[in-house]
Each structure stands twice: as C-alpha cells, then as structure tokens.
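If you want the building blocks of each chain, they are given just below.
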Amino acid sequence: GFATSGGTTVTIVGSDFGPLDSENEIAAEYTNPDTSVTGLGGSVYTAASCAVTTAHTGIECSTVEGVGYLLQWRVTVGGQTSAYSTATVSYSQADITAITIQGGASTLSTTAQ
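A. Just the overall build of the protein, in detail. What the protein contains, in helices and strands, is zero helices and ten strands. For the protein, the N- to C-terminal ordering of α and β elements is β-β-β-β-β-β-β-β-β-β. Looking at the 113 residues of the protein, the share that counts as buried comes to 28%. Taking contacts inside the protein between residues at least 6 apart in sequence as the whole, the part at least 24 apart equals 55%. Here the protein displays about 7,200 Å² of accessible surface, and carbon together with sulfur accounts for 51% of that area.

Okay, structure coming up:
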C-alpha cells in the first residue's frame, strides 16, 4: 500500500486521456464506495498534481493524506468523468511498534500479517 501521509506517485493507464499538453486539465479521485465500511466508506480523496505523462494512455498523480483499502480511481479529462476503475489500491495498514505503559515502556516485535 501507499503511505498514509500521501505523496506516493500513482500511474493510471487507460485510453482517451488526451495529449501531452499543459492546457489538458486532468483530475483524479479515489474512494472505497462501500458505505458499509465504518469510518471510511464513501470517503473521496482528490489526487494531487495530475498530468498526462504518456499521450492519450497515461496519467500520473500523487496521493494525498488518507486511510483505506480497496480504493477505486476515476479521472476527469476535458470535463468528462470516467467510470470507477475495477482495479483497486490501498493505503498501508497501521503498524504498532511500541506501547507505553504507565511507569515504563514495553516494546513489541511486529511481523508482517
């Protein structure tokens, strides 16, 4: 997954994204549309710094701060918005490295799930 602090570059591959042109305004957003997921379902993140990097077929954007999993993307090019992607991505899951107990610290050893 990508960092919850944001700033990860994401490449979106598809078609009809338009030319390599600074006038070609691109926007992208990502969400987990499952509103039954408590605390994150339906949250919509707007990606930063989106631009066509390969004429007509490639866009790069940066993620923003967030949390969540099974996030689907969609892009807006020339005022037209795509359907959400079937491919999904996720932010990294939380990782506990230590727990402080009143009167001292106890360090935990974590392993990958």
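B. Quick peek at unusual backbone geometry. A positive phi angle is found at D16, which is not glycine, with a value near 60 degrees. Tracing the chain through its elements places D16 in the loop between β1 (9–13) and β2 (26–31). With relative accessibility at 69%, the residue D16 sits in the exposed group. The phi torsion at L70 lies on the positive side, around 55 degrees, for a residue other than glycine. Relative to the elements of secondary structure, L70 occurs in the loop between β5 (58–62) and β6 (71–77).

C. Structural context of the sheet that holds β1. Read from one edge of the open sheet, three strands run β1-β5-β4, paired in antiparallel fashion. Edge positions in the sheet fall to β1 and β4 (48–54), since each of these pairs with one other strand and no more. Across the sheet, the mean angle from the axis of one strand to that of its neighbour is 25 degrees, orientation sign disregarded. One ladder, built from five bridges, connects β1 with β5; its direction is antiparallel.

D. Examining the pattern of salt bridges more closely. Scanning the entire structure with this criterion turns up one salt bridge. Its salt-bridge partner being R74, residue E29 comes within 2.6 Å of it at the nearest N-O pair. In this pair, E29 sits in strand β2 while R74 sits in strand β6, placing the two residues 45 residues apart along the sequence. For R74, a relative accessible area of 28% corresponds to the partly exposed category.

E. Structural detail: the packing of aromatic side chains. Following the criterion strictly, the structure yields six aromatic pairs and no others. Centre to centre, the rings of Y30 and Y91 are 6.2 Å apart; their planes meet at 45 degrees, and the pair counts as tilted. On the criterion of sequence distance, the pair formed by Y30 in strand β2 and Y91 in the loop between β8 (88–89) and β9 (98–101) is long-range, its members being 61 residues apart. Classification of Y91 as buried rests on a relative accessible area of 5%. Each residue in the set F2, Y30, Y45, W73 and Y91 is aromatic and connected to the rest through ring pairs, giving one cluster.

So, how was this worked out
Residues numbered from 1 in each chain as written. Predicted model: local features only at pLDDT ≥ 70, side-chain atom pairs only at ≥ 80, totals over all residues. Heavy atoms only, no water. Helix = DSSP H or I, 4+ residues; strand = E, 2+ residues; numbered from the N terminus. Buried < 20%, exposed > 50% of the residue type's maximum accessible area, 1.4 Å probe, protein only. Contact = heavy atoms within 4.5 Å. Areas by Shrake-Rupley, 256 points an atom, 1.4 Å probe, with all protein chains shown as cover. Pairing = 2+ DSSP bridges. Axes fitted to C-alpha atoms, helices over the stretch in contact; angles between N-to-C directions. Salt bridge = Lys/Arg side-chain N within 4 Å of Asp/Glu carboxyl O. Phe/Tyr/Trp six-rings, centres within 6.5 Å; stacked < 30°, edge-to-face > 60°.

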